Amino acid sequence: MEDGITILVPCFTFSFTKTGRFDWSFGASEVGILGDWMRGVTHAVRTKHPIYSFICFGQNSCRLQDCETSTAFGEKSVFSFLAQEKTKLIMFGAEWKYCTQLHYYEEKHRVPYREHKTFAGQMLCKNVWEPISTTMYVRNAEIKPENNFSIVVDRLQKQGSIKRGSDY
């Protein structure tokens, strides 16, 4: 792999919010088979966030694995790392309106339709169950908002910050 390149592939496990259980070593991705396939790549590491884990390989893999798990989108999360570094996000088979990175910016700007919620449970790590909890900036259930990032996506496209396969 080229020096300075780090690749992250989502291996999210949303079921943790319901079951309180996360199998860090062997738990399957719930957002497609690419994450599961990448777990088998030599030198790949998995971050330890119980909901938003990534399979990483490359120069910053260890730094990413050390990101805090106490928050999903907070200042020491993987999403914060992505915002601070020069990163390129690639969406395979999903529209930009599903880009999880946008939730980081919602939390950063404290949008009024979201609130912090803590999820606690256990993580299986090297055959040992350990307690784990994380806080996530979730949609306020009383308001029942729907994600609509079309304004942001349209603006980023006009700025040339978002490209589609046909743009290359």
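Above this text is the structure in question.
Here's a quick rundown of the structure. All of these numbers come straight from a predicted model, not from anything done at the bench.

Turning our eyes to something else, we now look at the pairing of strand E4 (residues 54–58). The buried fraction of E4 amounts to four of the five residues, a majority that puts the element mostly inside the structure. With five bridges joining them, strand E1 (residues 6–10) and E4 adopt antiparallel strand pairing. Counterpart to threonine 6 in the pairing with E4 is glycine 58. The pairing of strand E3 (residues 45–46) with E4 spans two bridges and is antiparallel. Along E4, the bridge assignment pairs valine 45 with cysteine 56.

To continue, consider the side chain of arginine 114. When you line up the elements, arginine 114 lands in strand E5 (residues 114–125). For arginine 114, a relative accessible area of 9% puts it in the buried group. At 2.8 Å, the side chain of arginine 114 forms a polar contact with the backbone oxygen of tyrosine 137. Apart from residues lying up to four places away in sequence, arginine 114 is in contact with His103, Glu106, Tyr137, Val138, Arg139, Asn140 and Asn147.

What follows covers the nonpolar core. Counting residues in hydrophobic clusters, the biggest one holds 25 residues, and the most contacted among them are Tyr52, Phe73, Phe79 and Met136. What methionine 136 contacts, discounting residues up to four positions off in sequence, is Thr17, Ile51, Tyr52, Ala72, Phe73, Glu115, His116, Lys117 and Phe119. If you look at the next biggest cluster of nonpolar residues, it comprises six residues, including Trp96, Cys99, Phe149 and Val153.

A few words on the packing of aromatic side chains. Taken as a whole and assessed by the stated rule, the structure comprises nine aromatic pairs. Centroid distance tyrosine 52 to phenylalanine 79: 5.6 Å. Interplanar angle 85°. Geometry classified as edge-to-face. Within this pair, whereas tyrosine 52 is found in the loop between E3 and E4, its partner phenylalanine 79 is found in helix H4 (residues 78–84), the two being separated by 27 residues in sequence. With relative accessibility at 8%, the residue tyrosine 52 sits in the buried group. When the ring of phenylalanine 54 is compared with that of phenylalanine 79, the centres are 5.6 Å apart and the planes differ by 65°; the resulting orientation is edge-to-face. In this pair, phenylalanine 54 sits in strand E4 while phenylalanine 79 sits in helix H4, placing the two residues 25 residues apart along the sequence.

A separate point is the environment of proline 50. Mapped onto the secondary structure, proline 50 falls in the loop between E3 and E4. Its relative accessible area of 0% is what places proline 50 among the buried residues. Separated by 45 residues in the primary sequence, proline 50 and glutamate 95 place their C-alpha atoms 24 Å from one another. Look past the residues within four positions of proline 50 in its chain and what remains in contact with it is Thr13, Phe16, Phe22, Thr69, Ile132 and Thr134.

Reading across from one edge, E2-E5-E6 is the order of the three strands in this open sheet, with mixed pairing throughout. Across the chains shown, the open sheet's two edge strands, defined by having one partner strand only, are strand E2 (21–23) and strand E6 (128–139). On average, each strand axis in the sheet is tilted by 35° relative to the strand beside it, whichever way the strands run.

Cut-offs used in this document
- Here the residue numbers are simple positions, counted from 1 along each chain's written sequence.
- Per-residue local features of the predicted model are confined to residues with pLDDT of at least 70, and side-chain atom pairs are confined, for both listing and counting, to 80 or more; whole-chain, interface and lining totals are unaffected and use all residues.
- Based on all heavy atoms of the structure, the side-chain values leave hydrogens and waters out of the count.
- Any residue under 20% of the maximum accessible area for its type is buried, any over 50% is exposed, and the rest in between are partly exposed; the area is computed with a 1.4 Å probe on protein chains only.
- Each helix corresponds to a stretch of at least 4 residues labelled H or I by DSSP, and each strand to a stretch of at least 2 residues labelled E; elements are numbered beginning at the N terminus.
- Strand pairing is defined by DSSP finding a minimum of two bridges between the two strands.
- Any pair of nitrogen or oxygen atoms within 3.5 Å is treated as a polar contact; in protein, a donor-acceptor pairing is required on top of that, and neighbouring residues in sequence qualify only through side-chain atoms on both sides.
- Any two residues whose heavy atoms approach within 4.5 Å at even a single point are treated as in contact.
- The nonpolar core is taken to be a set of buried Ala, Val, Leu, Ile, Met, Phe, Trp, Tyr and Cys residues, with the residues joined through side-chain atoms within 4.5 Å.
- Aromatic pairs are defined between Phe, Tyr and Trp rings, using the six-membered ring for Trp, whenever the two ring centres lie within 6.5 Å; interplanar angles under 30 degrees are classed as stacked, those over 60 as edge-to-face, and all others as tilted.
- Axis definition: a line fitted to C-alpha atoms, limited for helices to the stretch in contact. Angles are taken between N-to-C directions and run from 0 to 180 degrees.

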